[in-house]
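Residue-level listing of the chains:
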Amino acid sequence: DQQVKQNSPSLSVQEGRISILNCDYTNSMFDYFLWYKKYPAEGPTFLISISSIKDKNEDGRFTVFLNKSAKHLSLHIVPSQPGDSAVYFCAASIRETSYDKVIFGPGTSLSVIP
Amino acid sequence: DAGVIQSPRHEVTEMGQEVTLRCKPISGHDYLFWYRQTMMRGLELLIYFNNNVPIDDSGMPEDRFSAKMPNASFSTLKIQPSEPRDSAVYFCASSLWHYGYTFGSGTRLTVV
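Here the structure is a predicted model, which means the values were calculated and not measured. (Residues numbered from 1 in each chain as written. Chains lettered and ligands numbered in written order. Predicted model: local features only at pLDDT ≥ 70, side-chain atom pairs only at ≥ 80, totals over all residues. Heavy atoms only, no water.)

1. Focus: the overall build of chain B
For step 1, the next point in the chain: Secondary structure summary: chain B contains zero helices and 11 strands in total.
For step 2, the next point in the chain: Written out in order from the N terminus, the α and β elements of chain B read β-β-β-β-β-β-β-β-β-β-β.
For step 3, the next point in the chain: Along the three orthogonal principal directions, the C-alpha set of chain B runs to about 35 × 25 × 25 Å.
For step 4, the next point in the chain: Across the 112 residues of chain B, 49% fall into the buried class.
For step 5, the next point in the chain: Computing the positive centroid from 10 side-chain charges and the negative centroid from 12, chain B places the two 4 Å apart. (Helix = DSSP H or I, 4+ residues; strand = E, 2+ residues; numbered from the N terminus. Buried < 20%, exposed > 50% of the residue type's maximum accessible area, 1.4 Å probe, protein only. Lys, Arg positive; Asp, Glu negative; His and termini not counted. Charge placed at Lys NZ, Arg CZ, Asp CG, Glu CD.)

Here's what the structure looks like:
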């Protein structure tokens, strides 16, 4: 049973437009959320994060929104660029006893079309 | 900084053979993680270490999998005996704090 879900395996967007990647989670105890980006033949790289006490975090072209009541977060990329084409993983963290466990979603493959 | 270094990049082995994957974390990072990526399950955490001590190995699928971290600069993930369903990309990651992982480039394992 996946606790972090990314229901869209792939997404295509025109260059210059907004890309919106969605993520849903089931465990209300998650207290920190992250997005990672992965290019082919490379490991995932950390992109942006948000604490559960916030509803928005912005870093340049990337903004993450958190809706705790809906157990939903989204990553907005504006404007989208061809170099943004990659697989994006949503991740959530939960504190278990003395440490934090991070659970990744299955990923969404974004293609930005020039 | 060279980042997290994994070896080999690709490994093809026959069913039943022992496979050892290697990882060198970033110097100074005190967390090390082993993940497995498959199409069906995405990125799964197998095991992680804090200060060379295994903290959570609940993701290790079977007793055929074992991981060690003999010192702060080296870790291994061993599969013995290997099976075709173990075919996947295995990532090692390290971090100075729990969330901001730096991943290696991965080892693509194919068991035939």
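2. Section: the interface of chain B and chain A
For step 1, the next point in the chain: Facing 19 residues of chain B, the contacting portion of chain A comprises 21 residues.
For step 2, the next point in the chain: Of the roughly 1,600 Å² buried at the junction of chain B and chain A (both faces included), carbon and sulfur atoms supply 59%.
For step 3, the next point in the chain: The tally of links between chain B and chain A comes to zero salt bridges.
For step 4, the next point in the chain: Across the chain B-chain A interface, the total number found is three residue pairs in polar contact (both at pLDDT 80 or more). (Contact = heavy atoms within 4.5 Å. Buried area = accessible area lost by both parts, 1.4 Å probe. Salt bridge = Lys/Arg side-chain N within 4 Å of Asp/Glu carboxyl O. Polar contact = N/O pair within 3.5 Å; in protein donor to acceptor, adjacent residues only side chain to side chain.)

3. Some words on the environment of S58 of chain B
For step 1, the next point in the chain: Structurally, the position occupied by S58 of chain B is in the loop between β6 (53-56) and β7 (65-71).
For step 2, the next point in the chain: Each C-alpha atom of the pair S58 of chain B and I47 of chain B lies 6.9 Å from the other, and the pair is 11 residues apart in sequence.
For step 3, the next point in the chain: When sequence neighbours within four positions are dropped, the list of residues in contact with S58 of chain B reads K101 of chain A together with L46 of chain B.
For step 4, the next point in the chain: Here the side chain of S58 of chain B touches D56 of chain B through a polar contact of 2.7 Å, side chain to side chain.

4. Description of the sheet that holds strand β7 (residues 62-67) of chain A
All names here are of chain A.
For step 1, the next point in the chain: Strands sit in the order β1-β3-β8-β7-β6 across an open sheet of five strands; the sheet is antiparallel. Where the open sheet ends on each side, the last strands, each with one partner, are β1 (4-5) and β6 (56-59).
For step 2, the next point in the chain: Strand direction decides the pairing type here: β6 and β7, joined by four bridges, are antiparallel. Paired with N57 across the two strands is V64, which belongs to β7. (Pairing = 2+ DSSP bridges.)

5. Notes on the pairing of strand β5 (residues 45-51) of chain A
Residues and elements named next belong to chain A.
For step 1, the next point in the chain: With five of its seven residues buried, β5 lies for the most part within the structure.
For step 2, the next point in the chain: Relative to β5, strand β4 (residues 32-38) runs antiparallel, the two being bridged by six bridges. Among the inter-strand pairings, W35 is bridged to a residue of β5, identified as I48.
For step 3, the next point in the chain: Hairpin connection, β4 to β5: the antiparallel pair is bridged by six residues, and A41 has positive phi, about 65 degrees.

6. Examining the state of the cysteines
For step 1, the next point in the chain: By the definition in use, this model includes two disulfides over all chains.
For step 2, the next point in the chain: Disulfide pairing places C23 of chain A opposite C90 of chain A at an S-S distance of 2.0 Å. The disulfide joining C23 of chain A to C90 of chain A has a torsion of about -75 degrees about its S-S bond and is therefore left-handed. Here C23 of chain A, found in strand β3 (residues 19-25), pairs with C90 of chain A, found in strand β9 (residues 86-96); they are 67 residues apart in sequence, far enough to count as distant. With respect to class, C23 of chain A is no different from C90 of chain A; both count as buried.
For step 3, the next point in the chain: The partner cysteine of C23 of chain B in its disulfide is C92 of chain B, sulfur to sulfur 1.9 Å. Residues C23 of chain B and C92 of chain B share a disulfide whose torsion about the S-S bond is about -65 degrees; that sign makes it left-handed. (Disulfide = S-S within 2.5 Å.)

Remember, this is a structural readout, not a statement about activity or role.
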